[in-house]
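Here is what each chain is made of, one letter per residue.
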Amino acid sequence: MVYSSPVLFDQSVTIVEKFTVRQNGRKILIISAEPKEADAIQQLIDEINGQIEYELIEVNDEIQLSHVNEILDRQKMGTQLYISAKWEDAVSIFAAAIEAGFSEGEIQTLISGKKKRYVYCLKCYHLQEAAEEETDIICSHCQISLEIGPFFSRERKGYIGYPYNPAFATTN
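Basis of the calculations
Residues numbered from 1 in each chain as written. Predicted model: local features only at pLDDT ≥ 70, side-chain atom pairs only at ≥ 80, totals over all residues. Heavy atoms only, no water. Core = buried A, V, L, I, M, F, W, Y, C linked by side-chain atoms within 4.5 Å. Buried < 20%, exposed > 50% of the residue type's maximum accessible area, 1.4 Å probe, protein only. Helix = DSSP H or I, 4+ residues; strand = E, 2+ residues; numbered from the N terminus. Contact = heavy atoms within 4.5 Å. Pairing = 2+ DSSP bridges. Axes fitted to C-alpha atoms, helices over the stretch in contact; angles between N-to-C directions. Phe/Tyr/Trp six-rings, centres within 6.5 Å; stacked < 30°, edge-to-face > 60°. Lys NZ or Arg CZ within 6 Å of the ring centre and 35° of its normal. Patch = residues over 30% accessible without salt bridge, like charges linked within 9 Å, V, L, I, M, F, W, Y side chains within 5 Å. Areas by Shrake-Rupley, 256 points an atom, 1.4 Å probe, with all protein chains shown as cover. Salt bridge = Lys/Arg side-chain N within 4 Å of Asp/Glu carboxyl O. Expected span 1.5 Å × (residues − 1). Lys, Arg positive; Asp, Glu negative; His and termini not counted. Polar contact = N/O pair within 3.5 Å; in protein donor to acceptor, adjacent residues only side chain to side chain.

Engineer: Looking at this structure, how should I read the nonpolar core?
Structural biologist: One recurring pattern in soluble globular proteins: nonpolar side chains tend to sit buried together. Of all hydrophobic cores here, the largest spans 24 residues; its most connected members are Ile31, Leu72, Leu81, Ile83 and Ile107. Those elements that provide at least two residues to this core are strand E1 (27-32), helix H2 (62-73), strand E3 (79-86), helix H3 (87-100) and strand E4 (107-112). Here the element with the most residues in this core is H3; it accounts for seven residues. Residues within four places of Leu81 in sequence aside, it is in contact with Leu29, Ile31, Leu72, Ala97, Phe102, Glu106, Ile107 and Gln108.

Structure follows, in structure tokens:
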């Protein structure tokens, strides 16, 4: 069996509606790239209430986002990571966290705005974005009709898109 690193996707177990404190951590690292979620972060800090050491990193621009790797690399085992960001920033921070050795069980992600969903075409191997409610799409690369399967491929970083001929599809 080949190991595939965790990937942040629209149905990821790490995505939460509200941060919750896990008591099994030795330290909490909060990375915020979204000022709109300041209330959610303050609620988390209030809940910690001096019981657990924490560090708050506010990412304001691309330059600081590049320093996130260094911050994640120097964390000790047992650190719980809380990410508050827009989708693109959250994906970057999540990937850097996995690279630094964090597990999905140590990460909670609060997404500000819309999550993105990707579909991988089995015919031409193209990855493209799809709306959350879509069940089938046309591949933007090879123009074939794709039925979006229920399974997410960590290796391909998208839901599997199965080619089909819509003329033979039944409508019930």
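Read on for the rest.
Engineer: Sorry, what's going on with the sheet that holds strand E9 (residues 158-163) here?
Structural biologist: Pairing between the strands of a sheet comes from backbone hydrogen bonds, and it takes one of two forms, parallel or antiparallel. Spatially, the five strands line up as an open sheet ordered E6-E5-E9-E8-E7, and their pairing is mixed. Two strands lie at the open edges of the sheet, namely strand E6 (127-130) and strand E7 (136-138), each paired on one side alone. Between one strand axis and the next, the sheet turns by 45° as a mean value, whatever way the strands run.

Engineer: So what exactly am I meant to see when it comes to the packing of aromatic side chains here?
Structural biologist: Each aromatic ring pair is characterised by the separation of its centres together with the angle its planes make. The final tally for this structure, using the stated rule, is five aromatic pairs. Summarising the aromatic geometry, the rings of Phe152 and Tyr159 are spaced 5.4 Å apart at their centres and angled 80° between planes, so their arrangement reads as edge-to-face. Through a chain of ring-to-ring contacts, three or more aromatic side chains come together here, namely Phe9, Phe152 and Tyr159. Across from the ring centre of Tyr159, 5.2 Å away, lies the NZ or CZ of Arg117, which sits over that ring.

Engineer: Any chance you could explain a nonpolar patch on the surface here in plain terms?
Structural biologist: On the surface, Leu122, Phe151 and Tyr162 cluster together into a nonpolar patch covering about 300 Å² of accessible area. Along the polypeptide, Leu122 turns up in the loop between strand E5 (117-121) and E6.

Engineer: Mind showing me how you'd approach the sheet that holds strand E2 (residues 53-58) here?
Structural biologist: On the basis of which strands lie adjacent, the open sheet formed by four strands has the order E2-E1-E3-E4 and parallel pairing. A single partner strand is all that each edge strand has here, and the edge strands are E2 and E4. The sheet shows a mean angle of 10° between the axes of neighbouring strands, taken without regard to direction. With six bridges joining them, E1 and E3 adopt parallel strand pairing.

Engineer: I tried to follow H3 on my own but got confused; where do I start?
Structural biologist: One turn of an α-helix holds 3.6 residues; hence residues three or four places apart share an orientation. Taking 1.5 Å per residue, 14 residues should reach 20 Å; H3 reaches 20 Å between its end C-alpha atoms and fits that length. Those residues of H3 that sit buried are Trp87, Ala90, Ile93, Phe94, Ala96, Ala97 and Ile98.

Engineer: When you look at the side chain of Arg117 in this model, what are you seeing that I'm missing?
Structural biologist: Tracing the backbone through its elements, the reader meets Arg117 in strand E5. Asp10 provides the closest opposite charge to the buried, unpaired Arg117, separated from it by 4.3 Å. Within the structure, the side chain of Arg117 is placed 3.1 Å from the backbone oxygen of Glu132, a separation counted as a polar contact. Not counting residues within four places of it along the chain, the set of residues in contact with Arg117 comprises Asp10, Gln128, Glu129, Ala130, Ala131, Glu132, Glu133, Glu134, Ile148 and Tyr159.

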